[in-house]
Amino acid sequence: MKNNIILIGFMGTGKTSIGKILATKLGCAFIDLDQKIEADNKMSIPKIFEKYGETHFRELERQAVKEVVKRHGIVIATGGGTIKDAENLRLLKENGVVICLTADIDEILSRTSTKGERPVLDNKNESHGDRRLAIEKLLEERKQFYDQADYKVDTKNWSPLQIIEDICQYLNR
Ligand code: S3P
């Protein structure tokens, strides 16, 4: 496998879990960008946001993207906001097949409901603590970036294995 396979998509669409299974099926390495940032900085993402703020996190994220795209033949799961950055998106598209996982708002809401894990949603003051509204706004803002994927898979009614099967069919086309 020459190209990397890069999973993008909103928080809660299953990038990490699908990425792991996909990599196992393809017999290649898997890197989760958020986990790499946490390991490199010995700090959880929520803690990085709390201590240093989002701007700093995005800087670490850009650095991590630059490093992972040097690899070949691996599966990479990005964070939900990684593709907001034009250079990140360019590098990822240049170095792999970009697949976007999608889910509807109710699904995303239920999969991201635990407080303290998703600082971007927890910190959305302008939505007055309304998580659904915060998700709607972010989905709208980010649609233009997710739309740049080579392929999209809706994860709502499918099992992980069906999703993997669909991705593999697309890759083998
Ligand atoms: C973020 C998504 C998170 C993580 C960080 C910011 C975002 O990743 O990178 O909390 O801006 O959407 P997941 O999509 O894996 O939750």
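For the structure itself, consult the block above.
In what follows, the accompanying structure is described. (Residues numbered from 1 in each chain as written. Predicted model: local features only at pLDDT ≥ 70, side-chain atom pairs only at ≥ 80, totals over all residues. Heavy atoms only, no water.)

**A short note on the packing of helix H2 (residues 33-41) against helix H3 (residues 45-68)**
Interhelical geometry of H2 versus H3 gives an angle of 110 degrees and a closest axis separation of 9 Å. Compared by their axis directions, H2 and H3 come out roughly perpendicular. Considering how the two elements wind past one another, H2 and H3 form a crossing that is right-handed. In this structure, H2 contributes Leu 33, Asp 34, Lys 36, Ile 37, Glu 38, Asp 40 and Asn 41 to the contact, and H3 contributes Ile 45, Pro 46, Ile 48, Phe 57, Leu 60, Glu 61, Ala 64, Val 65, Glu 67 and Val 68. Residues that form the contact of H2 with H3 fall into these classes: 10 nonpolar, 1 polar and 6 charged. (Axes fitted to C-alpha atoms, helices over the stretch in contact; angles between N-to-C directions. Helix = DSSP H or I, 4+ residues; strand = E, 2+ residues; numbered from the N terminus. Parallel < 35°, antiparallel > 145°, perpendicular 65-115°, else oblique. Left-handed = near helix turned anticlockwise from the far one by under 90°. Contact = heavy atoms within 4.5 Å. Nonpolar A, V, L, I, M, F, W, Y, C, P; charged D, E, K, R; others polar.)

**Focus: the pairing of strand E1 (residues 4-9)**
By the criterion of burial, E1 is predominantly enclosed, with 6 of the 6 residues buried. Burial along E1 is two-sided: Asn 4, Ile 6 and Ile 8 and Ile 5, Leu 7 and Gly 9, pointing in opposite directions, are all buried. By the bridge criterion, 6 bridges tie E1 to strand E4 (residues 96-102) in an arrangement that is parallel. Across the sheet, Leu 7 pairs through a bridge with Ile 99, a residue of E4. (Buried < 20%, exposed > 50% of the residue type's maximum accessible area, 1.4 Å probe, protein only. Pairing = 2+ DSSP bridges.)

**Describing H2**
For H2, the set of buried residues is Leu 33, Lys 36 and Ile 37. The arc enclosing the buried residues of H2, seen along the axis, measures out at 100 degrees, which places them on a common side. On its buried side, H2 packs onto strand E2 (30-32), H3 and strand E3 (75-77). Looking at where H2 begins, the residue whose side-chain oxygen comes 3.2 Å from the main-chain nitrogen of Asp 34 is Asp 32. (Arc of directions from axis to C-beta. Polar contact = N/O pair within 3.5 Å; in protein donor to acceptor, adjacent residues only side chain to side chain.)

**Side note on the pattern of salt bridges**
Any two side chains of opposite charge can pair, on the condition that their charged atoms come close. Counting across every chain of the model gives 20 salt bridges. Where Lys 36 meets Glu 67, a salt bridge forms, and the shortest distance between an N and an O atom there is 2.8 Å. Remark: Glu 67 occurs in helix H3 and Lys 36 occurs in helix H2; sequence separation between them is 31 residues. Between Asp 147 and Lys 152 there is a salt bridge, with its nearest N and O atoms 2.5 Å apart. By relative accessible area, Lys 152 is classed as partly exposed at 39%. Several salt bridges share partner residues, and in doing so they unite Glu 54, Arg 58, Glu 61 and Lys 84 into one network. (Salt bridge = Lys/Arg side-chain N within 4 Å of Asp/Glu carboxyl O.)

**Description of the layout of surface pockets**
Each pocket or cavity is described by its volume, and for the largest pocket that value is around 540 Å³. As for the largest pocket, its lining consists of 25 residues, of which Met 11, Asp 34, Gly 79, Gly 80 and Arg 118 are closest to the centre. Looking at the lining of the largest pocket, the elements that each hand over two or more residues are helix H1 (15-26), H2, H3 and helix H6 (119-122). Residue composition of the lining of the largest pocket, grouped by class: 7 nonpolar, 9 polar and 9 charged. Thr 102, Leu 139, Lys 143, Tyr 146 and Lys 152 are, among the 13 residues lining the second largest pocket, the residues nearest its centre. Going through the elements one at a time, E4 and helix H7 (131-146) are the ones with two or more residues in the lining of the second largest pocket. Taken together, the residues of the lining of the second largest pocket break down into 7 nonpolar, 3 polar and 3 charged. (1 Å grid on protein atoms, 1.4 Å probe; cavity = no way out; pocket = protein on both sides within 12 Å on 5 of 7 lines; lining within 4 Å. Points joined across faces, edges and corners; volume = space filled by probe spheres on them.)

**A look at the environment of Glu 54**
Take Glu 54: it is sitting in helix H3. Relative accessible area serves as the criterion here: at 32%, Glu 54 is assigned to the partly exposed category. When the C-alpha atoms of Glu 54 and Pro 119 are compared, they prove to be 8.8 Å apart, with 65 residues separating the residues in sequence. Discounting chain neighbours no more than four positions away, the residues touching Glu 54 are Phe 49, Lys 84 and Val 120.

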